[in-house]
Structure formats: structure tokens, C-alpha cells
Amino acid sequence: MNMSRGQFFRKREFTVLGLIVVLAIIFSLTTERFLSVSNLTNLLVQLAGTAISAIGMTMVIITGGIDVSVGSILGMSSVVAGKLLMANFPVVVILGAAIATGLLFGFFNGSLVAYGKIPPIIVTLGMLNIIRSLLFQLLGGRWISGVPPAIRVIGLGKWLGIPISMWIALILILFFTYFLNSRPLGRAIYAVGNNIEAARVSGVNLTRTILFVYALTGMLVGFAGLIYVARTGIVQTNTGTGFELEVIAAVVLGGTSILGGKGTIVGSLLGAFLVGIIKNGMVLLNVPALSEGLVIGALILISVVIDVVRARGERI
Amino acid sequence: METVLEVRGVSKSFGGVQALKGVNFALRSGEVHALVGENGAGKSTLIKIISGALLPDRGEIFYLDQPVTIDSPRKAQEMGISTVYQEPLVYNELSAVENIFLGREIRKPWGSIDWKAQEEKTKALFASLGLPYHFLREPMGELSVGLQQLVLIAKALAYESKVIIFDEPTAILTEHETERLFDIITKLRMRGVGIIYISHRLEEIFRIADRVTVMRDGEVRGVFSIGEVNRDRIVELMAGRLLVEAIERKGKKSDAPLLVVENLSKRGRFSDVSFQVFPGEILGFFGLVGSGRTDIVQTIFGLMRQDSGNIIYQGKTVHFSSPEEAMQSDIAYLPEDRKVQGLFPILGVGYNISITFLKEILGSFGVVREKKERNRGEEYVRRLNIKTPNLKTKVYSLSGGNQQKVVIAKWLGTTPRVLILDEPTRGVDVASKSEIHNLIAHLADEGLGIVMISSELPEILKMSDRIVVMHEGKITGVFDRAEATAEDVIRAATGERLISVER
């Protein structure tokens, strides 16, 4: 990348990175526990699922879409994984089942958006409710707990001091960053978000591109569901509620324009870190949970306003 | 008859282009004053100034002998100047009555809308024009275009308009609706309303106009009473002494056609269209906006489907159901509006260009070979003289001419055999325009079959080896470059059938 220094500092990724550093300094000065190994590990473990899901969400938002059903999909794949775990299925089968569950719903979302031409917010809002209600039926109000320890290594194991789930997240991020920049389908995702008509005229297969981003998001969220079970060992009917907002916040804060057409997966990872650090620090500072929403909400609004204002100058 | 509206010395420019140069125009009450001219002659700009959509750079407007500033369409309407556009601007969900009184409802003393009074008044307006009014309560969206137009005329009367502008009102009307419209215009004229009537159909003008003003290149070229002028004279003035030097060409046209279109029809768009494209030639397509030119080429490119007729490409009948398929057969299409169908504004120049040929520069694992991509991008930037800091520069920041070159580069990247160019130099500066013209000639010399649509007559005359002229979805003229005159082309484009070369 041959970009000048000025260009780098103007990038959203830089601003977010700066904020993360500043907050990390503040929290390590004001609290004793922030810099402790257990707290930082905890932070990374919690972030892994969000970061993995944000890969897919970044692509969805770049196409100009949105997926608010990821929280319900996470819940559902956790239930599937949890039930199979309790029945002592081999790990490979459980992994496959969790991912397949996510893929199924993601494919359904994508089909309705791509072929049905229904606005993504409506499709995924519908799915959010449908899946959540199925989940109630499946669990019948009970919890799944007492997950066998074999699987928990995915959630809690470490390598070189960093949780295995975070390693997996980083590998996926590297792979899909490469994918987004260097595969024709990745380029098509940007093209669709920039100008869907021009993409069509340029020979881009619109339905395939749109179907892909929702299906991939489903798969990745399905995998995040498995990580969730492995980490907490518990699945409830409300598992994953509100998760969609966390993922969307990470993506939007990370510089992906809610208007579509631009954004990076690395930005979303940084966005996830920012959200995670804010939450973590405020807990350590004993700030009431209500103010956490206030801070994150304000940050999201600021970044969207910046996007919208900037987009005015980018019209042709 | 007194003058109701007068425009004196009005000029207007957009960027560097002078759209109106000191135009004088006078409208008397009770006359139908036709305004004619080629595309780009300045008619629309003049109308926009009169109706408050644009402010003039210089000049004065007098309304009822008073100097006025018309700074918004609403002000124009309140003063008594109404415009009825080709495709009526209406609120589809509201009824005719609501459309007429929107923003100035008749109210009861306590403020609620007096529906009954509004409806009565509307009925009275329609009755005074001798029109039926059974449809007044239906949503506008469910009325035909003809009826929507009537509602807008009634609205103009509700504002007690003294000037009504009709912009191509008959372009999408049926014959019956057209007759009814002419009846109404006659009635309006008898009431003393001044009417500005824009149409490309010269026969209509001779039927209903009292006077005609001919414009060309932003200037008024003549004002006549309809009795003292004939069709040929008007066409001559519209065309001007157009001396266009044909661009120099080296290549030779081959004898076997590359693309043959046979009796292609699509309901409501075009009918029975046949033509051939040979390798090494530039086939110019001339016609007014709405004549079906773009629909035909989009059908060839797989963006639309014909109802009947065949497209034969390199000897085989083809049906492209998507641009992707057309591109696989080496057909490329530069769309009419780069903003709508051409550019990816917040992507870099390089990504904009390579999107059409990524599949050809894949390495292992289906990954784009970035070096190859960069080399191809740089090659096009050089060849087309695209002025950009680098390949990463986002295209929204380039000038119109350079943006257009980026879109052209994108299509050259597919190494097409048939290149369809829809308005290749629209909104492009003079220097870029001549560069694009030279490029097109060069591509034809290399053996590409080029179809070039343009609304600009000089461009068509300069570039084309043969010229196909369309009018309302039909081919009305085919000319060889040697024998084509500006006047003949305009005649064909305004509806005279002049097919001089059959091949």
C-alpha cells in the first residue's frame, strides 16, 4: 500500500486505534485490575465471537445491507451445539452442526434479500423473531448446562498467552481481508455497495453476491455460537439477545459506512475492541450499566454522522 | 393582443457551457407559441428560467409588463405561470382533487379542509373545459397519463394561470388523448391564456401554433407567424449551416456483418427494428431522448428482453439474459449515464477499471494478480490520458471528462468486438471530447464494430460511417455518411420516414 502518512492518519482505523490506546491508558491508571492477565484474557475471550461475526457483518454492510438476526442465529447455534454436546457427539460433528445451523438461516436471509428483493432490515428483523421463538420451543424454558470439558478448550484454552478463540478470529480476519481485496467476489461486494446498477451493467452477478454475504455471516455466527457454548458452558433461551447490536456497533465504529461501499474487516476488529474495552473498563470502574449504553450509543451516532457528512462530498 | 410574458436578453451558463446567449422571447395572451430546436438548443433552459427552476445569469423577465424575479417554481405558479411536463409530476397516492389543491386547500372557518367546496370547484373547472370528471376521487396513480395531464391543466386553471407551458405533452399520449388535448388548448387560448408549446413533432406545431420560435445553440434563430413559414425552413434553421468535418479514418469496413438485428420489437418501447453492424465501422444512432435508442442497445446487451425479433451475432442467434453473458461474447456497453450505471464513486480508479476483467487476471486460488491489474490500469490511464494522481484515487474526485474515460477504460478492458457507446461524450469537456472521438475512430480502425448513440447531431455527423435515425421506437432513416445531411437527419428524427439506404 503506497499511501502517504497524511492519508493513514485520516483513516478511521487510526482514530479508533488512538481511542483504544487512550482508553487503555486511562483504565490502567484508574483501576488496578484492568492490566491484570485474567482481565485481559477475559476481554479477549469475550471479543472473539464478536470479531468473528463482525467479519460477515462488515461484508453485509458494505453491500448496503444489514443483518439484525445474528443474535438469534447465535442463540440457535448455541442450542444446537449444546444439545449435541450433552448427547456426547464428536467435536467435528458439533462444529459442523453449529456452522450448518448458521448457514441455513443466513442462506434463508440472503435468498429473501437477493431473490425476493425485500429490504434486508425487514427480512432479518422477521428472522430475529422467528428464530428466537423456535429457540423457546426447543429449550422449553430450561437451561443447558454442564457441558463436557473437552470442548471448553476452544473457549478457554490459550496459546502463547492468547486465547485460542482469539487466534481463530485473527486467522479468519486475515483470510477474509485477503478475500475481500483479492477475490473477484470480494470486489463485487464493494461494487454492489457503491452502485448496484453499475455493478449489474458491469456484469457482476448481484444475486450471487448478496446471497453470499448473508450466508457467510450466518456461518460465521454459527461458529461464534459454538465458541459461546465452549466459553460459558451454559445456553439459555435469551442467549445472544442484543448480540446483533454489539456486532453492528463494532462494524460501524470501525469505519464501515452504513451507506455501503466502503469498510474493512480490520476496522471492524478495532471497533470490536473499542466496544469491549469501554464495557470492560466501565464495569471495573463500577459505573452503572446504563451509562455504558450511553457511551457506546453516542459513539455510534458520532461515527454515523461523520459517514453521512463525508458521503455528501463523495457524490458524483 | 397584449404581451403577457417577455424575456429580454437572458443568458445562462453551466460551468463553461453557454446554454443561453441573450435570448429574447415574447408571449402574447391568447396565443399558442411553439418553441422548437434540437437537443441542446436551449429550450429546456429557457423554460426552466421562466418556470422558476433556474435563475438567469443576465437579462430581465417581464410579466404583465412588470419586471419580475421568479426564484422558485412555487412562486411562478402563484404568479400564474404553470408548467405541464411530459411525464406529469403528481402525487400518486392522492386524488385528483387533492393534487389540485395541495398546499392551498380551501378551508372551513375552523380550519379543517372543505372537501365539498374543493370537489365542487374542481368539477366546475372540468366542466368548463367540457371534460368528464367521474375520476376525481381516484388516486392519481391509477389514472392514465392523459388524465393526469388534464388534472394538471385544471390545477393551472385553479391558479388562474395566464401562462401555461406544455413540455412535449403529446410524446406519450394516445391519438385520442392528443386530440382531446388539442381541443383543450384551443379553449384555453380563447380564454386568453398564453401557451408555450414545446414539441419535436413539427406537424403538431403547424396544426395548433400561432407563432413559432426556433432556437439553436442557445440563441433564437427566428420567430415566425405560422402562416409565413414552412416545415423546410424550420428544419433548416434548426440544423443551421452545420459544416461538420468527418473524422479521419484509416481502417476498412469488412463485408460480413458482426451483429445483425432483425425485426426486434418490445411493446411500448420500439418496434420492428432491423440493422447490421460491420467490423470496422461506426454506426451512429440518432434520435431524441425517448425514441427507443437506449432500449434497443440495452436489449442487445441483456439488460432487457425483446418481445419478438432476433439478434444474430457472428452468424448465430443469441439471447443474452444478463450483461455477464453478453460480455462473454465480447460485447461491451458504455451506459448513457455514468453516474447511474457506470461509476463506483468511492472506489479507486484501478478497481473501477478492473471490475469487468477480473476473471481474466486470476492467479492461483482464484486470486486477482495485483501486478497485472495495476499494469492494465496504468496502461489505460496512459492510453486514454486519464488525469488522476494514481490508481487508488477515488473516482468521485475526478472531473466529468476523466470519470467518463474511466468508464470507457472499464469497457475497453473486456477487449470487445462490438462496442456500444451510449452518449459517449455527454457532460464531458471539449478537450476530453475530442480525445474520446479520436479513440473511437482508432478503435473502429482496429476492426471493432461500434454502435454510437448520440443526441448531438454534430457528433453523429462527425463520427458515423452510417447513421440510423429513430423516431418513437421506429427506424425512420438510414443514411450513408457521404449522403447524410443535417436536414435529412433532423427530418427523420422528427418523424418523416426517409429510409434511403437499405442493406
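Small disclaimer: the values here were computed from a predicted structure and weren't measured.

What follows concerns the overall build of chain A. Along the backbone of chain A there are 14 helices and 4 strands. Taking 20 Å as the expected radius of gyration for a compact globule of 316 residues, we find that chain A reaches 19 Å, a close match to that expectation. Here the C-alpha coordinates of chain A stretch approximately 60 × 50 × 35 Å along the principal axes. In chain A, which comprises 316 residues, the proportion classed as buried is 53%. Taking the contacts inside chain A whose residues are at least 6 apart along the sequence as the reference set, 79% of them involve residues at least 24 apart. Surface exposure of chain A reaches about 13,900 Å², of which carbon and sulfur atoms provide 70%. Within chain A, one finds 21 positive and 9 negative side-chain charges whose respective centroids are separated by 6 Å.

Moving on to the pattern of salt bridges. Applying the stated criterion across every chain, the model contains 33 salt bridges over all chains. As a salt-bridge pair, glutamate 373 of chain B and arginine 187 of chain A come within 2.6 Å of each other at their nearest N and O atoms. Of this pair, glutamate 373 of chain B sits in helix 13 (residues 370-383) while arginine 187 of chain A sits in helix 9 (residues 184-194), on two different chains. Note on accessibility: glutamate 373 of chain B and arginine 187 of chain A belong to one class, buried.

All right, on to the packing of aromatic side chains then. Ring pairs (aromatic) are described by centroid distance and by the angle formed between their planes. Scanning the model with the defined rule gives 10 aromatic pairs over all chains in all. Residues phenylalanine 301 of chain B and tryptophan 411 of chain B carry aromatic rings whose centres are separated by 5.7 Å and whose planes lie at 85 degrees to one another, so their mutual orientation is edge-to-face. Residue phenylalanine 301 of chain B is found in the loop between helix 9 (293-300) and strand 14 (308-313), and its partner tryptophan 411 of chain B is found in helix 14 (residues 400-412); the two are separated by 110 residues along the sequence. On the basis of relative accessible area, phenylalanine 301 of chain B is assigned to the buried category, the value being 0%. Relative accessible area serves as the criterion here: at 1%, tryptophan 411 of chain B is assigned to the buried category. Among the aromatic side chains, those forming a connected cluster through ring pairs are Phe175, Phe176, Phe179 and Phe212 of chain A. Directly above the ring of tyrosine 351 of chain B sits arginine 187 of chain A, whose terminal nitrogen or CZ lies 3.7 Å from the centroid. The positively charged end of arginine 8 of chain B is found above the aromatic ring belonging to phenylalanine 62 of chain B, 4.0 Å away from the centroid.

What follows covers helix 3 (residues 37-62) of chain A. Residue and element names in this part refer to chain A. Look at helix 3: 36 Å from first C-alpha to last across 26 residues, which is about the 38 Å you get at 1.5 Å a residue. Of all bends in helix 3, the biggest is about 30 degrees, found at leucine 47. Of all 26 residues in helix 3, 21 are buried; the element is thus mostly enclosed. With its phi angle positive at about 95 degrees, glycine 64 sits one or two positions after the end of helix 3.

What follows is about the interface of chain B and chain A. At the junction of the two partners, chain B supplies 33 residues and chain A supplies 28 residues. Here chain B meets chain A over a buried area of about 2,700 Å², counting both sides, of which 61% is carbon and sulfur. Of all residues in chain B, the largest losses of buried area upon contact with chain A belong to Phe344, Ile346 and Tyr396 of chain B, amounting jointly to 20% of the total for that side. Where chain B packs against chain A, one counts 1 salt bridge.

The next point concerns the nonpolar core. Among the nonpolar cores identified, the biggest contains 133 residues, and Phe166, Leu188, Phe275 and Ile450 of chain B are the most heavily contacted of them. With 9 residues, helix 5 (residues 145-158) of chain B is the largest single contributor of residues to this core. Phenylalanine 275 of chain B has contacts with Leu259, Val260, Val261, Leu283, Phe285, Ile296, Ile300 and Ile475 of chain B, leaving out every residue within four places of it along the chain. Judged by nonpolar contacts, the second largest core, of 95 residues, contains Ala54, Leu139, Val235 and Val275 of chain A.

A contiguous nonpolar patch, built from Leu17, Val21, Ile25 and Leu29 of chain A and spanning about 390 Å² of accessible area, is present on the exposed surface. Within the secondary structure layout, leucine 29 of chain A lies in helix 2 (residues 12-30).

Moving on, we get to the pairing of strand 6 (residues 81-84) of chain B. Residues and elements named next belong to chain B. Residues Ile81 and Thr83 point to one face of strand 6 and Ser82 and Val84 to the other, with burial holding for every one of them. As paired strands, strand 6 and strand 7 (residues 163-167) are joined by 4 bridges and run parallel to one another. Its bridge partner being in strand 7, threonine 83 is matched across the sheet by isoleucine 165.

Any residue range with low pLDDT should be treated as having predicted coordinates unsuitable for detailed reading. Residues of chain B with pLDDT of at least 70 account for 97%, and the chain-wide mean is 88. If you check the scores for this complex, the pTM reads 0.80 and the ipTM reads 0.85.

Another point: the sheet that holds strand 5 (residues 66-68) of chain B. Consider a sheet: its strands pair through backbone hydrogen bonds, and that pairing is either parallel or antiparallel. Residues and elements named next belong to chain B. Here we have 4 strands laid out as an open sheet, ordered 2-1-4-5, and antiparallel in their pairing. The open sheet terminates on both sides in strands that have one partner only, identified here as strand 2 (17-28) and strand 5. Between one strand axis and the next, the sheet turns through 25 degrees on average, direction left out of account. Two strands pair when backbone bridges link them, and strand 4 (residues 58-63) and strand 5 are joined in this way by 3 bridges, in the antiparallel orientation.

Cut-offs used in this document
Residues numbered from 1 in each chain as written. Chains lettered and ligands numbered in written order. Predicted model: local features only at pLDDT ≥ 70, side-chain atom pairs only at ≥ 80, totals over all residues. Heavy atoms only, no water. Helix = DSSP H or I, 4+ residues; strand = E, 2+ residues; numbered from the N terminus. Rg over C-alpha atoms; globule rule 2.2 N^0.38 Å. Buried < 20%, exposed > 50% of the residue type's maximum accessible area, 1.4 Å probe, protein only. Contact = heavy atoms within 4.5 Å. Areas by Shrake-Rupley, 256 points an atom, 1.4 Å probe, with all protein chains shown as cover. Lys, Arg positive; Asp, Glu negative; His and termini not counted. Charge placed at Lys NZ, Arg CZ, Asp CG, Glu CD. Salt bridge = Lys/Arg side-chain N within 4 Å of Asp/Glu carboxyl O. Phe/Tyr/Trp six-rings, centres within 6.5 Å; stacked < 30°, edge-to-face > 60°. Lys NZ or Arg CZ within 6 Å of the ring centre and 35° of its normal. Expected span 1.5 Å × (residues − 1). Bend = angle between axes of the 7 residues up to and from the residue. Buried area = accessible area lost by both parts, 1.4 Å probe. Core = buried A, V, L, I, M, F, W, Y, C linked by side-chain atoms within 4.5 Å. Patch = residues over 30% accessible without salt bridge, like charges linked within 9 Å, V, L, I, M, F, W, Y side chains within 5 Å. Pairing = 2+ DSSP bridges. pLDDT = per-residue confidence, 0-100. Axes fitted to C-alpha atoms, helices over the stretch in contact; angles between N-to-C directions.

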